[in-house]
Amino acid sequence: MTPSDADHARRAPHPASRSPASAEQALQLLEQADAALARQEWSVALALATQALSPTLLDRQRAQALLMQARAHWQMGALWQVYLPALEVGRLGRLCGNARTEVDGLSLAAFALAELGLADEARLISLDALAAASDSAELLPRALSCAAHVHARLGDVSHAELMHMRAISLAREAHDANLLALAFINLLLSLGLASEELLHGPGEAAAQIALVRAPRFLAQASGLLADERLPASTQAGLQLAAGHLALLCGRLDQAQPWLTAAHRRYCLQGTGYNRLAAEQSLAESALRQGRPAEALGWLSELLAPEPGRSSFSLRLPSLRTARACHRALGNAEIERTLALELDELLRARQAMREQALGVLHRPELP
């Protein structure tokens, strides 16, 4: 966050410190929150969206504010504060008869729970999103990608692959190059994240299965990257997803140019979160090529993030890579410090997981 961002966050009043916003003020705050999200000023967007919540909002506007809250919390790494507002967004979307809002909320809730290691709970919610999207050719590929991602996290790679392929097929039928690229991005990310999650848990065999299937999809993604109709942001996303998966497969010569190109695009676009994701992958690539000192250079901002810029999903692999770098360099004391920090982060995730389970399984009052 820049100094001006921090000033804005300090000036944004706490929701308890002033009376509820009027209808007109609430709409203005929603516009400002949306703009802050676009600028990746997560804490500013969160403060503005929270301030906008008032009894004057219609259900669809309330859903918009809650979705902004959930997205800001996600980017700031506060996963335990994502799924409840996201679930409420899904409920409000259903009440309003707005399938897009319902799918947006349920999908985000499912992704957050899967990130916490609660893929069983996430699966049920992702299937609700799939049902909500069933009559929409536009929404169905997104809902399928979400459900496929959750199934991949569960180690059900075959089922996940079928769902992803259906999403890709629907995108092809729509003759929409951007939608097709997004479906491929979701497929590649799903395989990569599932492999990493399973590799550090009890599912090493499933992790390897995910990587065995990856080269075929990497070849198709390579062909899609040649499509000049793709927007620059989508092309960068496809390069990053393909590069990271190629890296996990040990295809360093293939991964490096994709990751470098994605990083260059994100630097030009000023896309901070995605730039950091590319830097994490570039660090892992440098480590695998026997250059641990270079890898640590890529990790500098990830290991010491500015306020409001941290992300659980990036910090966890960054700490693992940094620990391996210092082990390779013989820095035993720093390695031990990072190991303690990693253990603390994993305990924090377990605490978030238990909190989520307690809320989701709380018995209903009569």
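Data block above holds the structure.
Okay, so let's go over this structure. Being a predicted model, the structure only gives us computed values, none of them experimental.

## Examining the overall build of the protein chain
Point 1. Of regular secondary structure, the protein chain possesses 18 helices and 0 strands.
Point 2. Long-range pairs, those at least 24 residues apart, make up 62% of the contacts in the protein chain with a sequence separation of at least 6.
Point 3. Total accessible area on the protein chain is roughly 16900 Å²; 54% of this is exposed by carbon and sulfur atoms.

## Notes on the nonpolar core
Point 1. If you look at the biggest cluster of nonpolar residues, it comprises 104 residues, and the most contacted ones within it are L188 and L238.
Point 2. When residues of this core are assigned to their parent elements, the largest contribution, 10 residues, is made by helix 10 (residues 177-199).
Point 3. Contact partners of L188, with chain neighbours within four places excluded, come to F217, L218, A221, L238, A241, A242 and L245.

## A look at unusual backbone geometry
Point 1. Phi at Q40 takes a positive value of approximately 65 degrees, unusual for a residue other than glycine.
Point 2. Checked against the element boundaries, Q40 lands in the loop between helix 2 (23-38) and helix 3 (42-52).
Point 3. With phi around 55 degrees, H175 is a residue other than glycine that occupies positive phi space.
Point 4. By secondary structure assignment, the location of H175 is in the loop between helix 9 (157-173) and helix 10.

## Examining the pattern of salt bridges
Point 1. As enumerated under the stated definition, the model contains 15 salt bridges in all.
Point 2. A salt bridge links E88 to R91; its shortest N-O distance comes to 2.7 Å. Highlighted residues: E88 and R91, both in helix 5 (residues 83-96), separated by 3 residues, approximately one helical turn.
Point 3. Here R291 makes a salt bridge to E294, at a shortest N to O gap of 2.6 Å.
Point 4. Connected through shared salt-bridge partners, E161, R213 and R216 make up one network.

## Side note on the side chain of Q69
Point 1. Structurally, Q69 is set in helix 4 (residues 59-75).
Point 2. In this structure the side chain of Q69 is engaged in a polar contact, spanning 2.8 Å, whose partner is the side chain of T50.
Point 3. When neighbours within four sequence positions are excluded, Q69 is seen to be in contact with L46, A49, T50, L53 and P85.

## Quick word on helix 3
Point 1. Burial analysis of helix 3 places 11 of its 11 residues in the buried class, which makes it a mostly covered element.
Point 2. Buried residues of helix 3: W42, S43, V44, A45, L46, A47, L48, A49, T50, Q51 and A52, and no others.

## Looking at the packing of helix 6 (residues 99-115) against helix 8 (residues 140-153)
Point 1. Relative to each other, helix 6 and helix 8 sit at 15 degrees, their axes nearing to 10 Å. The orientation of helix 6 relative to helix 8 falls into the category roughly parallel. Of the two elements, helix 6 crosses helix 8, and the hand of that crossing is left-handed. Contacts between helix 6 and helix 8 involve R100, V103, D104, S107, A110, F111, A114 and E115 on the former and, on the latter, R142, A143, C146, H149, V150 and R153.
Point 2. Of the residues in the contact of helix 6 with helix 8, the class split is 7 nonpolar, 2 polar and 5 charged.

## With respect to helix 13 (residues 232-248)
Point 1. Across its 17 residues, helix 13 extends 24 Å between first and last C-alpha, which sits within 8% of the 24 Å expected from 1.5 Å per residue.
Point 2. Within helix 13, 15 of the 17 residues are buried, leaving the element largely enclosed by the surrounding structure.
Point 3. Backbone geometry just downstream of helix 13 places G250 in the positive-phi region, at approximately 80 degrees.

## With respect to the environment of A133
Point 1. Of note, A133 is situated in the loop between helix 7 (119-132) and helix 8.
Point 2. Sequence separation between A133 and A99 is 34 residues, and the spatial gap between their C-alpha atoms is 6.5 Å.
Point 3. Every residue in contact with A133, bar those within four places of it in the chain, is listed here: V103, L139, L140 and A143.

## Focus on the packing of helix 4 against helix 6
Point 1. Contact pair helix 4 / helix 6: the axes reach a minimum separation of 11 Å and the direction vectors enclose 25 degrees. Relative to helix 6, the element helix 4 lies roughly parallel. Judged by the sense of rotation from one axis to the other, the crossing of helix 4 with helix 6 is left-handed. Along the contact surface, helix 4 presents A63, L67, A70, R71 and W74, while helix 6 presents T101, D104, G105, L108, F111, A112 and E115.
Point 2. A per-class count over the contact of helix 4 with helix 6 returns 7 nonpolar, 2 polar and 3 charged.

## Observations concerning the environment of L37
Point 1. Relative to the helices and strands, L37 resides in helix 2.
Point 2. In this structure L37 comes out as buried when scored by relative accessible area, which is 14%.
Point 3. Taking the C-alpha atoms as reference, L37 lies 7.7 Å from M68; in sequence the two are 31 residues apart.
Point 4. If sequence neighbours within four positions are ignored, L37 has contacts with W42, A45, M68 and A72.

How each quantity is defined
Residues numbered from 1 in each chain as written. Predicted model: local features only at pLDDT ≥ 70, side-chain atom pairs only at ≥ 80, totals over all residues. Heavy atoms only, no water. Helix = DSSP H or I, 4+ residues; strand = E, 2+ residues; numbered from the N terminus. Contact = heavy atoms within 4.5 Å. Areas by Shrake-Rupley, 256 points an atom, 1.4 Å probe, with all protein chains shown as cover. Core = buried A, V, L, I, M, F, W, Y, C linked by side-chain atoms within 4.5 Å. Buried < 20%, exposed > 50% of the residue type's maximum accessible area, 1.4 Å probe, protein only. Salt bridge = Lys/Arg side-chain N within 4 Å of Asp/Glu carboxyl O. Polar contact = N/O pair within 3.5 Å; in protein donor to acceptor, adjacent residues only side chain to side chain. Axes fitted to C-alpha atoms, helices over the stretch in contact; angles between N-to-C directions. Parallel < 35°, antiparallel > 145°, perpendicular 65-115°, else oblique. Left-handed = near helix turned anticlockwise from the far one by under 90°. Nonpolar A, V, L, I, M, F, W, Y, C, P; charged D, E, K, R; others polar. Expected span 1.5 Å × (residues − 1).

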